Amino acid sequence: MATTRYRIVPVDPHAHRFTIDCTIDDPAPDGQRYTLPTWIPGSYLVREFARHVVSARAHAQGRPVPVAKIAKDTWRAAPCAGPLTFS
């Protein structure tokens, strides 16, 4: 079973800016996808949380991994050997 770990670091809490790292030990062989929700269960409002993302990057084994935004709420990291950290 693959393990997923999150790390949240406040960069500027007053400005609501945080760095969030998501590490997946065994990323998908065709490129790991990361998707943010568009809404919250129980709410009828579309919130589009991805609009608040300032930048996205990834690395594995100390090397950068290319990241592409493939939809307004989804990014894909290029195929790589894990563990993969998406920030």
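Above this text you will find the structure in question.
Residues numbered from 1 in each chain as written. Predicted model: local features only at pLDDT ≥ 70, side-chain atom pairs only at ≥ 80, totals over all residues. Heavy atoms only, no water.

Peer 1: Teacher, can you tell me more about the packing of aromatic side chains here?
Peer 2: Where two aromatic rings form a pair, the distance of their centres and the angle of their planes describe that pair. Applying the stated criterion to the full structure yields 2 aromatic pairs. Aromatic side chains Tyr34 and Phe86 sit 4.1 Å apart centroid to centroid with 10° between the ring planes, which places their arrangement in the stacked category. Pair noted here: Tyr34 is in strand β3 (residues 33–35) and Phe86 is in strand β8 (residues 84–86), with a separation of 52 residues, a long-range link. Overall, Tyr34 belongs to the buried group, its relative accessible area being 9%. (Phe/Tyr/Trp six-rings, centres within 6.5 Å; stacked < 30°, edge-to-face > 60°. Helix = DSSP H or I, 4+ residues; strand = E, 2+ residues; numbered from the N terminus. Buried < 20%, exposed > 50% of the residue type's maximum accessible area, 1.4 Å probe, protein only.)

Peer 1: Before we go on, may I ask you to explain a nonpolar patch on the surface in this structure?
Peer 2: There is a patch of nonpolar side chains on the surface, built from Tyr6, Ile8, Phe18 and Ile20 and spanning about 460 Å² of accessible area. When residues of the nonpolar patch are traced back to their parent elements, those giving at least two are β1 (4–12) and β2 (17–24). Mapped onto the elements of the fold, Ile20 is located in strand β2. (Patch = residues over 30% accessible without salt bridge, like charges linked within 9 Å, V, L, I, M, F, W, Y side chains within 5 Å. Areas by Shrake-Rupley, 256 points an atom, 1.4 Å probe, with all protein chains shown as cover. Salt bridge = Lys/Arg side-chain N within 4 Å of Asp/Glu carboxyl O.)

Peer 1: Would you mind showing me how to read the pattern of salt bridges here?
Peer 2: Pairing is possible between side chains of opposite charge, provided their charged atoms come close. Per the counting criterion, the structure on display carries 3 salt bridges. Where Arg7 meets Asp21, a salt bridge forms, and the shortest distance between an N and an O atom there is 2.7 Å. Linking Arg7 in strand β1 with Asp21 in strand β2, this pair joins segments that are 14 residues apart in sequence. What makes Asp21 buried here is its relative accessible area of 11%.

Peer 1: For this particular structure, what's the right way to read the environment of Pro79?
Peer 2: Inspection of the secondary structure assignment puts Pro79 in the loop between β7 (74–77) and β8. Remark: the alpha-carbon pair of Pro79 and His52, spanning 27 residues in sequence, is separated by 26 Å. Not counting residues within four places of it along the chain, the set of residues in contact with Pro79 comprises Pro29, Asp30 and Gly31. (Contact = heavy atoms within 4.5 Å.)

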